[in-house]
Amino acid sequence: MSTESSSSSSEFVRLLKAQRVWDTELPRFMPDTAPAEPLPLFEQWFAEAVAARQPEPHTMSLATADEAGRPDVRIVMLHGADEEGWHFASHAGSRKGRQLAARPYAALSFYWPVQGRQIRVRGPVTVAPPEVAHADLHARSTGALASALVGHQSEVLDSYEELERASEAAWHRAHQEPDAPAPSWTVYVLTPDEIEFFQGDAQRRHVRLTYHRTQSTWQKELLWP
């Protein structure tokens, strides 16, 4: 290893070791007060994350697997959460879209460090009707529509200039046709089998409350940290 690369590696290690976790006062979470079902608790924690000024609390990690079972993960935006499940969207032909078509099961993870909280959700994924996807897209910004109209997500791009040209044309169309369809835009719904609520603790006495779906209700249990 060269002197330069060794120095760079040492600086990386120094920076890594200097980082601290939850350098703030964290909220208490008493699991015995948690509701019988997970959705009300998710809505409460989301509202508290917004009130605590957590940046982008509506973003989440989405984990999928390809046909060979190899995992993949990326950050996506939450589009809704209700009795049906947790909603997100993408192009059907994207990598995540192809993986969900092959293996319609996924996991979501929210991390809100301002409060030392995580929420993990996993379960089967279904596709919402096309009219739901159309309404979802056109309830968003002009930029979101323009991006959807560009399409080709996850495909090989020959040059950045090609993207610039396609994006300019898509923005023009989005302004001229605000109701323009984007057929590949798809809304997915993850119906949870299991949800975990994690509350960090400065003394490492983390609280982990899980909800497991049964045939008629939800079962709660605590996990060791």
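On a predicted model such as this, the values are computed, not experimentally measured, just so you know.

(A) Up close: the packing of aromatic side chains. A complete count under the given rule lists 12 aromatic pairs for this structure. Taking the centre distance of 6.3 Å and the plane angle of 45° together, the rings of Trp-22 and Phe-198 count as tilted. Of this pair, Trp-22 sits in the loop between helix H1 (3-18) and helix H2 (38-51) while Phe-198 sits in strand E8 (residues 194-199); the two residues are 176 residues apart in sequence, bridging distant segments of the chain. Assigned by exposure class, Trp-22 and Phe-198 land together as buried. Ring geometry for Phe-197 versus Tyr-211: centroids 5.8 Å apart, planes at 75°, classification edge-to-face. One end of the pair, Phe-197, is in strand E8; the other, Tyr-211, is in strand E9 (residues 207-213), with 14 residues separating them in the sequence. You can call Phe-197 buried: its relative accessible area is 0%. Its relative accessible area of 0% is what places Tyr-211 among the buried residues. Aromatic ring contacts, followed pair by pair, group Phe-29, Trp-45, Phe-197, Tyr-211 and Trp-218 into a single cluster.

(B) Highlighting a negative patch on the surface. The grouping of Glu-37, Glu-43, Asp-82, Glu-83 and Glu-84 at the surface amounts to a negative patch. Looking at the element boundaries, Glu-43 is found in helix H2. The partly exposed category is assigned to Glu-43, whose relative accessible area is 43%.

Thresholds applied
- As a convention, each chain's residues are numbered from 1 in the sequence order in which they are written.
- Per-residue local features are limited, in this predicted model, to residues with pLDDT of at least 70; the limit for side-chain atom pairs, both in listing and counting, is 80 or more; totals at the level of whole chains, interfaces and linings are taken over all residues.
- Based on all heavy atoms of the structure, the side-chain values leave hydrogens and waters out of the count.
- Any Phe, Tyr or Trp ring, taking Trp's six-membered ring, that has another such ring centre within 6.5 Å forms a pair; planes under 30 degrees apart are called stacked, those over 60 apart edge-to-face, and the others tilted.
- Helix numbering and strand numbering both begin at the N terminus, where a helix is a DSSP run of H or I of at least 4 residues and a strand a DSSP run of E of at least 2.
- Only protein chains enter the accessibility calculation, which uses a 1.4 Å probe. A residue is then buried if its area is under 20% of the maximum for its type, exposed if over 50%, and partly exposed in between.
- Residues form patches when they are more than 30% accessible in relative terms and have no salt bridge. Like charges link within 9 Å. Nonpolar side chains (Val, Leu, Ile, Met, Phe, Trp, Tyr) link within 5 Å.
- Using the Shrake-Rupley algorithm and a 1.4 Å probe, accessible areas are obtained, with residue cover drawn only from the displayed protein chains.
- Definition used for salt bridges: Asp or Glu carboxyl oxygen within 4 Å of a side-chain nitrogen of Lys or Arg.
- The charge count includes Lys and Arg as positive and Asp and Glu as negative, but it does not include His or the ends of the chains.
- The location of each charge is read from NZ of Lys, CZ of Arg, CG of Asp or CD of Glu.

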